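# Reading the structure
Take a look at the letters that make up each chain.
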Amino acid sequence: MAISNLKLPQGVSAHAFKSPVLLAESLALGVAKKLSDAIDAQGTATLVVSGGRSPIAFFQHLARQTLDWSNVVISLADERWVPVEHADSNAGLIKRYLLQGPAAKAQFLSLYSASANLEQAAEQADRLLSELPVIDVLILGMGDDGHTASLFPNSPNLAEALQADGVRRCWPMLAPTVPHQRLTMSRALLASAKHKVLSISGQSKLTTLSTALAGDDVAAMPVRAFLQPTLEIYWCP
Ligand SMILES: O=C1O[C@H](COP(=O)(O)O)[C@@H](O)[C@H](O)[C@H]1O
């Protein structure tokens, strides 16, 4: 299957690259330009990124871009409810690969807190996210089950987290296969981003995307909520 064979909704565009490095370079350049434009226009820029394994090269390339990093706010679309020192922490991933060199001057808003339980951690993150400026750039990933951020099919709270006009910014979620409780930005907050990118790699993700495009049950494949104008899809094998 090739991404050019997928029938994308009007207003959704796709960029295909021959390798993860080429994708990471191009995405980093594009994101840096949008952040720079936002700083020129409004003084600050806000970037929300995803975790997982695939964004590491993108973070490394983005950290090397010349930017007024002290005026950039960075947060996460989702987080595993583990301390930053844990190997599965998305905040830890960002600290190791993105907040390096000049990019360390960016302000990072972490979703994690050592609260008594996941629900209280989500409430705390929800309060913190009230300080998040309008999101200029959002980078989403996607799992093979069609989850994006930590909006997992069959998770408790999914229906509320997927409300298009919901006011709550952060929800507690459960991943079916990965042994960590999650915190996720809500669909409404994620969808409010000015520029949205879905960055995926591998043939299996293309198959998942193709399945998502063929149906409209958002709860079954939450990524469907974002397959709308003006999403840009970045893909490499
Ligand atoms: O668990 C997660 O998985 C998805 C996909 O990760 P990838 O490494 O396969 O690209 C990610 O978008 C999400 O933020 C993360 O928490």
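Residues numbered from 1 in each chain as written. Predicted model: local features only at pLDDT ≥ 70, side-chain atom pairs only at ≥ 80, totals over all residues. Heavy atoms only, no water.

### What about the pattern of salt bridges?
The full count for this structure, using the stated rule, is six salt bridges. For Asp 37, the salt bridge goes to Lys 33, with nearest N and O atoms at 2.9 Å. Of this pair, Asp 37 and Lys 33 both sit in helix H1 (residues 20-42), four residues apart, which is roughly one turn of that helix. Note that Glu 232 is salt-bridged to Lys 34, the shortest N-O span being 3.7 Å. Here the residue Glu 232 occupies a position in strand E10 (residues 232-236), and Lys 34 occupies one in helix H1, the gap between them amounting to 198 residues. (Salt bridge = Lys/Arg side-chain N within 4 Å of Asp/Glu carboxyl O. Helix = DSSP H or I, 4+ residues; strand = E, 2+ residues; numbered from the N terminus.)

### Overview of the site of the ligand
Inspection of the region around the ligand gives 14 residues, with Arg 53, Ser 54, Asp 78, Arg 80 and Lys 205 positioned closest. Within the backbone of Gly 51, an N or O atom sits 3.1 Å from an oxygen atom of the ligand. One of the side-chain N or O atoms of His 147 is found 3.3 Å from an oxygen atom in the ligand. Taking 390 Å² as the accessible area of the ligand by itself, protein coverage stands at 93%. When its residues are assigned to classes, the shell around the ligand shows two nonpolar, seven polar and five charged. (Near = heavy atom within 4 Å. Polar contact = N/O pair within 3.5 Å; in protein donor to acceptor, adjacent residues only side chain to side chain. Areas by Shrake-Rupley, 256 points an atom, 1.4 Å probe, with all protein chains shown as cover. Nonpolar A, V, L, I, M, F, W, Y, C, P; charged D, E, K, R; others polar.)

### Things to note about the pairing of strand E7 (residues 170-174)
Of all five residues that make up E7, four are buried, and the element is covered over most of its length. Bridge count for E7 against strand E8 (residues 181-185) is five bridges, and the pairing is antiparallel. In the sheet register, Met 173 faces E8, and the bridge partner there is Arg 182. (Buried < 20%, exposed > 50% of the residue type's maximum accessible area, 1.4 Å probe, protein only. Pairing = 2+ DSSP bridges.)

### A few points about the sheet that holds strand E4 (residues 78-80)
By definition, the strands of a sheet pair up through backbone hydrogen bonds, in either a parallel or an antiparallel sense. Taken together, three strands build an open sheet; the order of strands is E4-E8-E7 and the sheet is antiparallel. The open sheet has two edge strands with one neighbour each: E4 and E7. Taken pair by pair, the neighbouring strands of this sheet meet at an average axis angle of 25 degrees, ignoring direction. Along the sheet face, helix H4 (residues 118-128) touches E7 and E8 and points at about 150 degrees away from the line of E7. (Axes fitted to C-alpha atoms, helices over the stretch in contact; angles between N-to-C directions. Contact = heavy atoms within 4.5 Å.)

### Quick word on the nonpolar core
Side chains that are nonpolar tend, in soluble globular proteins, to be buried together. With 81 residues, the main nonpolar core has Phe 58 and Leu 198 as its most contacted residues. The element that contributes the greatest number of residues to this core is H1, accounting for nine residues. The contact partners of Leu 198, leaving out residues within four places of it in the chain, are Leu 140, Gly 141, Met 142, Leu 209, Val 223, Leu 227, Leu 231, Glu 232, Ile 233 and Tyr 234. (Core = buried A, V, L, I, M, F, W, Y, C linked by side-chain atoms within 4.5 Å.)

### A short note on H1
The α-helix advances 3.6 residues per turn, and as a result positions three or four apart in sequence lie on the same side. If you check H1, its first and last C-alpha atoms are 32 Å apart, about what 23 residues at 1.5 Å a residue would give, namely 33 Å. Where H1 is concerned, the buried positions are Leu 23, Ala 24, Leu 27, Ala 28, Val 31, Ala 32, Leu 35, Ala 38 and Ile 39. Packed against the buried residues of H1 are strand E2 (45-49), helix H2 (56-63), strand E3 (72-76), strand E6 (137-140), strand E9 (195-201) and E10. Directly beyond the C-terminal end of H1, a positive phi value near 95 degrees is found at Gly 43. (Expected span 1.5 Å × (residues − 1).)

### A look at the sheet that holds E9
Strand order across the open sheet formed by seven strands is E1-E10-E9-E6-E2-E3-E5, with parallel pairing between neighbours. Bordering the open sheet on either side are strand E1 (13-16) and strand E5 (107-109), each of which pairs with just one other strand. Each adjacent strand pair in this sheet contributes to an overall mean axis angle of 20 degrees, direction not counted. Of the strand pairs in this sheet, E2 and E6 are connected by two bridges, and their pairing is parallel. Bridge pairing in E6 places Val 48 opposite Leu 138.

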